[in-house]
Amino acid sequence: MDELIAQFAIEARELVQQASEDLLSLEANPRQRESLESAFRAIHTLKGSVGLFDFGPMLKILHQAEDLLSQARAGKIVVDATLIDPLFAVIEWVDSSIEGITETGRLSEAQEKQAPRLVRLVSGEMTERNAGETALAPTAVPDWALSLHHKVPTTDAAGTLIAIRYEPHPECFFNGDDPLATISRLSDLRHLALSLKEPRPAPQDYDPFRCHLLIEAVSGGSLAEAEGVFRLIPDQVKLFTLPGSAGERATAQPEVAAYRSTDRQSTTMRVDSARIDKLVEIAGELITAKNGLVPLADEARSHGNVQLARRILSNHHAIDRLVASLYSAVTQARMIPLEHTFRRFPRLVRETSATLGKALDLIIEGEAVEADREIVENLFEPLLHLIRNGLDHGIEPEADRLQQSKPARGRLLLRARQRGDQIEIEVADDGRGIDPQRIRATTMDRGLISEGQASALSDRDVLQFVFAPGFSTASSVSDLSGRGVGLDAVQSSVKRLGGTLELQSTVGRGTSFVLKLPISFSMTQLMVVQVGDERYGIPISDVIETHKLPASAVQSVRAGKAFVRRNRTIPLLHLGELLQVQSPSAHSSDLKVLIVQAGEDEIGVAVDEIAERAETMTRPLVGLLQGVPGIAGTTLLGDGKVLLVVNIEELVP
C-alpha cells in the first residue's frame, strides 16, 4: 500500500471520529459553539487531505459540507436535525469509503454510485432564519436570560455566568427526580427564584403529587458543569452563557484549542504497532536468557567454583532488574485508553435507537482508563453485541416505560474503572431485565435440566444459562440481536482476553454485564511441576495452595477420588491421567497436591514433583497445535527446553 494513502487513512479515521463526536454534541446542545467550531475544523482538514488525491466526488461533497458548517457558524442557518442529519450521512459515507481506498487507492464503484444522492442531500435548501427569530450567535441573549442577568448584583456579575431555566416535568416525582435537590447540586449559585408555571389552584383541586414549579437560577460555574447536572433531563432545562468575560473566552477558544493540538503533536509520534510487538518479543527472549543464568550458577557451584557461582548470581540479579524495567516500559508503550473503542459507540447508538424508535441516553464513563492495545482493540465486538442487546431487547418502548412509571427516555451505561491490575467494564441498561422464571421454563422445555433441578437452582444460577450456546428465550430473531443469542460468543471472546463475564439482572429494573479483564499481558509466574519424565507449567495465579496428602486420606466418591480439607470435600484428579501420560504418583505413599481454582470450584491436582517457580512469557499455540484443549501455550526455560503451560479448567472433565 502507498505510504501516502496509508497516512491519509489514519488521519481520515481520526477526523471522521472527531466530526462524529462534535455533531453528537451539537445534536444534544445546538448552542455548543466549541463543538460547532471543532466540527468545522475536522471537515475542513479532511477536505484538504482529500484534495491531495483523486477520490472522485468526495472533495465536492466535503466542500459542500464545509459550506453548511460555515453558514451555521455565521448564524445563517439553524443548527438542528435538518443540518446535522445530512452531515452525519456524509461522515458515514466517508468512513465506509476509507477501507476501499486503503486497498485500491481510489473510491469503490459502489461508493461512487452513492455520491450523487449525498450531493443532493447536502446541497438542499436549509431552513433560513426568519428576521424575527432569535439568532444562535453568542451575542443574542433570550429575554428570560437577560432578565436573570439584571437580577444579579453588579458585584456578583464577574466571571462566567450561566443562566438556567428549569421546568420540571409534572410527573417528575414518579420518575425519582427531586427538582430542588437537582438545582442545589450547582456550584456558586448567584441567584435562585421559584415560581409557579400555572395560577395557584383551589385547595380542593390541589394535587401534591404533581410538580408545577418554574426554577430560574444564575450560576457562576461552567457550562459543562451545568450540563452534567441536567444530563438526564435535558428536555426540561434551558442553559445560556451570559455575555461578558465568558463571551470573550468563547471568541478566543478556537485559537487556544489549535495551540494545544500543536503542543500535543510535538510530544507524541505514531509508531507502527508491529515495532512495539517486536520489542515485547525481544524482552521475552531476554527473560528466557536471564533465567538460564541460575542453572549455570548451580553448575559452577557443583564443580566447586563457589566464587564464580556468586558472580553469576550477582549478574543475574542486575539483569533481572534491567529486564523487568525494560518489559514494564515496553508494555506501557502498548497501553492505550479505552476511548479508542468507546468513542465508536455514540454514533452507533444514535443510528440504532432511531431505527428502533426508542429515545435513550448513552452515558459513557471512564474512557480514560488504559489497557493493552490488543485488549482494547478486541473489546469492540463483545461490547457491540451487549450494547445492541440492551438497545433491542433491554430498553422498552416509550409507552411501556411510562406505564411502569419510568422516565420516557431509556438509559444505557458504558462504564470502565480500574481495580488493581484489572479493568472492569460495565454495560447496563434500565430496561425490562431478564426473567429467571422464563429461563427456567425454557431450560426445562429443551430438556437441559429437570423440573426438580430447575426449582433447586437460585435465580442467579438460572441466569447463567443465557451463556449456553444458542440459548434464547426470544420468540423471534431480531436483525440486531437476541437476548441470549450469541452471549456464549461474547463470553468466549472475553475468556480469550484472559477475563471473565458476569451477569446481574432484575425484572423491571434492568440488566448489567460486567467484564473483568487484565490491564496487560504481562510476564507470567509459573509453577513448574513434573509428571513422569515431563515437566509442565501451571500459572501460579490458578494455584490456591500446595498440599502434602497422605495416600490414606484419599477416599472413593462415586466414580472418582476426593479428600477432606478444612471440612470441605475436594475432588482429586491426577495430572498424568488428565494429560494421558504415565505417572507413578498413584503408587506413592504421599501425594503432592496443588489446590487450584477451576471456575467457581476448588480441585486438587496430584503431581509427581513440584520443581521450581519461573517468571516467563507465555506464547500461544500456533499452526497444527493451535486450539489443543488444556494447553494455554508454551514458554522456554532457562536450559532451553520447551515447557507446555497447562490450562487446568479446560482439562477438568
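See the structure shown above.
The following refers to the structure shown. (Residues numbered from 1 in each chain as written. Predicted model: local features only at pLDDT ≥ 70, side-chain atom pairs only at ≥ 80, totals over all residues. Heavy atoms only, no water.)

This model, assessed by the stated rule, comprises 0 disulfides. The thiol of Cys 172 is not disulfide-bonded; the next cysteine sulfur, from Cys 211, is found 4.2 Å away. For Cys 211, a relative accessible area of 3% gives the class buried. (Disulfide = S-S within 2.5 Å. Buried < 20%, exposed > 50% of the residue type's maximum accessible area, 1.4 Å probe, protein only.)

The next thing to look at is the pattern of salt bridges. Under the counting rule described, the total for this entry stands at 34 salt bridges. Arg 440 is the partner of Asp 459 in a salt bridge, and the nearest nitrogen-oxygen pair spans 3.0 Å. One end of the pair, Asp 459, is in helix α20 (residues 459-463); the other, Arg 440, is in helix α18 (residues 436-445), and 19 residues separate them in sequence. For Asp 459, a relative accessible area of 40% translates into the label partly exposed. Arg 440 sits in the buried class, given a relative accessible area of 10%. In this structure, Arg 565 engages Glu 545 in a salt bridge whose closest nitrogen and oxygen atoms are separated by 2.4 Å. Of the two residues, Arg 565 sits in strand β16 (residues 560-565) while Glu 545 sits in strand β14 (residues 543-550), which places them 20 residues apart along the sequence. Classification of Arg 565 as buried rests on a relative accessible area of 10%. (Salt bridge = Lys/Arg side-chain N within 4 Å of Asp/Glu carboxyl O. Helix = DSSP H or I, 4+ residues; strand = E, 2+ residues; numbered from the N terminus.)

Looking at Arg 565, its side chain comes within polar contact range of the side chain of Glu 545, at 2.4 Å. Look past the residues within four positions of Arg 565 in its chain and what remains in contact with it is Glu 545, Ile 570, Ile 595 and Glu 602. (Polar contact = N/O pair within 3.5 Å; in protein donor to acceptor, adjacent residues only side chain to side chain. Contact = heavy atoms within 4.5 Å.)

Attention now moves to the packing of aromatic side chains. Applying the stated rule across the entire model yields 3 aromatic pairs. Ring centres of Phe 8 and Phe 55 lie 5.2 Å apart, and the angle between their planes is 50 degrees; on these two criteria the pair is classed as tilted. You can see Phe 8 sitting in helix α1 (residues 3-28) and its partner Phe 55 sitting in the loop between α2 (33-50) and α3 (58-73), a full 47 residues away along the chain. Per residue, the accessibility class of Phe 8 equals that of Phe 55, and both read buried. Here Tyr 166 and Phe 230 contribute two aromatic rings whose centre-to-centre distance is 5.2 Å and whose plane-to-plane angle is 65 degrees, an arrangement assigned as edge-to-face. Within this pair, whereas Tyr 166 is found in strand β1 (residues 162-166), its partner Phe 230 is found in the loop between α8 (223-229) and β4 (237-241), the two being separated by 64 residues in sequence. In terms of burial, Tyr 166 and Phe 230 fall into one category: buried. One residue, Arg 73, lies across the ring of Phe 40, its end atom 4.1 Å from the ring centre. (Phe/Tyr/Trp six-rings, centres within 6.5 Å; stacked < 30°, edge-to-face > 60°. Lys NZ or Arg CZ within 6 Å of the ring centre and 35° of its normal.)

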